[in-house]
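Structural overview for review
Each chain, written out:
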Amino acid sequence: MFRGTGTAVITPFKNGNVDYEAFRRFLQFQMENEVDALVVLGTTGESPTIGDSERSQLIKIAVQEANGLIPVIVGTGTNSTKKSIEMSMKAFDDGADGVLVVVPYYNKPTQEGLYRHYGEIATRVQGPIIIYNVPGRTGASMLPDTILRCLEFANIVGVKEASGDQYQVDYLISSLKEREFTFKVLSGNDDQAFHLCCSGGDGVISVISNIAPWKTSTMIRSILLEDLKTARDLHLELLPIMKALFVESNPIPVKYALSLMGYCANELRLPLTELSDTNRKVVERAMKESGVL
């Protein structure tokens with residue numbers, strides 16, 4: 001169910017409000033370019049600034065556009081176990097196929113705290129759960145052995161791994177293969193997705209596929225089909241824009257890139273601000289080098 005390329009989609013704004021029509025058109029663009037999942041209301045979707053009613057509407061639109069053809073995964077993690085449970089339940093009520101639950105941020109739980117956090121969510125929520133490990137944003141890293149402990153909960157089905165530690169990723173994949181689990185390991189970093197999948201991982205939840213969905217999904221699909229030359233060529237072709245999209249905090253650069261492509265306004269919600277003039281040139285140049293613009 002969760003294998004291949006999932007786009008961590010942006011949330012378009014217009015004059016301070018969610019632009020639902022632009023969101024719908026953007027999802028259609030993703031579907032037409034054959035991504036394998038729509039990941040809504042993650043970091044790239046500016047989830048911390050989205051209200052409850054807006055969340056519900058965005059999820060319902062994504063479910064309508066996916067139309068059962070590909071899964072809709074919704075970001076529901078917070079630094080409160082209780083709130084994460086409530087948001088996950090609501091996402092499933094709105095039609096989500098799975099939820100992406102980030103490691104709790106700011107309060108920096110221990111490994112035991114992380115295990116109990118996900119265990120409590122898995123016990124209370126009826127539906128597939130993907131752990132999201134991104135210590136660069138949360139201040140805490142969920143270690144492989146803690147992730148492996150969570151396999152006792154059948155509805156914890158995968159991890160979006162964005163620790164940046166390739167050994168940690170390889171150790172997890174190796175341990176899973178030894179135990180013959182079908183738990184999915186997905187890259188949370190575009191520049192490491194090629195390497196993770198070549199090591200036996202299952203795909204990527206991607207920022208770059210917002211602007212290059214066909215190339216990204218083809219790259220990952222080629223690895224899974226063992227066509228490494230095609231995958232490697234696409235990985236190297238996309239490297240310039242992979243780097244440029246993180247020249248400032250995500251999703252600032254990708255919002256600007258998509259505004260150039262006509263899919264959204266170059267508008268974010270505070271505390272995020274528009275891409276600087278200097279870095280606009282960096283993104284434009286990388287888009288041209290990667291054949292996106």
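Before reading further, recall that the structure is shown in the block above.
Presented here is an overview of the structure given in this document. (Residues numbered from 1 in each chain as written. Predicted model: local features only at pLDDT ≥ 70, side-chain atom pairs only at ≥ 80, totals over all residues. Heavy atoms only, no water.)

Enumeration according to the criterion identifies 13 salt bridges in this entry. Among the salt bridges present, the one from R149 reaches E112, with a minimum N-O distance of 3.0 Å. Of this pair, R149 sits in helix α6 (residues 144–149) while E112 is found in helix α4 (residues 111–124), placing the two residues 37 residues apart along the sequence. For R149, a relative accessible area of 37% translates into the label partly exposed. (Salt bridge = Lys/Arg side-chain N within 4 Å of Asp/Glu carboxyl O. Helix = DSSP H or I, 4+ residues; strand = E, 2+ residues; numbered from the N terminus. Buried < 20%, exposed > 50% of the residue type's maximum accessible area, 1.4 Å probe, protein only.)

This part is about the pairing of strand β5 (residues 72–75). When a strand is regular, its side chains alternate between the sheet's two faces. Side chains V72 and V74 of β5 all project onto a buried face; the interleaved residues I73 and G75 project onto the opposite face, where all are buried too. The β-α-β motif built from strand β4 (residues 37–40), the intervening helix α2 (residues 52–66) and the parallel element β5 has right-handed crossover chirality. Across three bridges, β5 lies against strand β6 (residues 98–102) in parallel orientation. Across the sheet, G75 pairs through a bridge with L100, a residue of β6. With respect to chirality, the unit in which β5 leads through helix α3 (residues 81–93) into the neighbouring parallel β6 is right-handed. (Right-handed = clockwise from strand over helix to strand, strands pointing away. Pairing = 2+ DSSP bridges.)

Among all residues save glycine, negative phi is the norm, and among peptide bonds the norm is trans. Put simply, N250 and P251 share a cis peptide bond, and its omega is 10°. Along the polypeptide, P251 turns up in the loop between α10 (228–244) and α11 (252–261). Between L270 and P271 the backbone carries a cis peptide bond, its omega angle lying at 20°. Counting through the fold element by element, P271 comes out in the loop between α11 and α12 (277–289). You will see that K108, though not glycine, has its phi angle at about 50°, which is positive.

On inspection of all chains with the given rule, the structure shows two cavities of 30 Å³ or more. In terms of lining, the largest cavity is formed by 13 residues, of which the most central are F2, R3, G6, A37 and L186. Put simply, the parts of the chain that give the lining of the largest cavity at least two residues each are β1 (4–8), β4 and β10 (203–206). Top contributing element to the lining of the largest cavity by residue count: β1, with three residues. By residue class, the composition of the lining of the largest cavity is eight nonpolar, three polar and two charged. (1 Å grid on protein atoms, 1.4 Å probe; cavity = no way out; pocket = protein on both sides within 12 Å on 5 of 7 lines; lining within 4 Å. Points joined across faces, edges and corners; volume = space filled by probe spheres on them. Nonpolar A, V, L, I, M, F, W, Y, C, P; charged D, E, K, R; others polar.)

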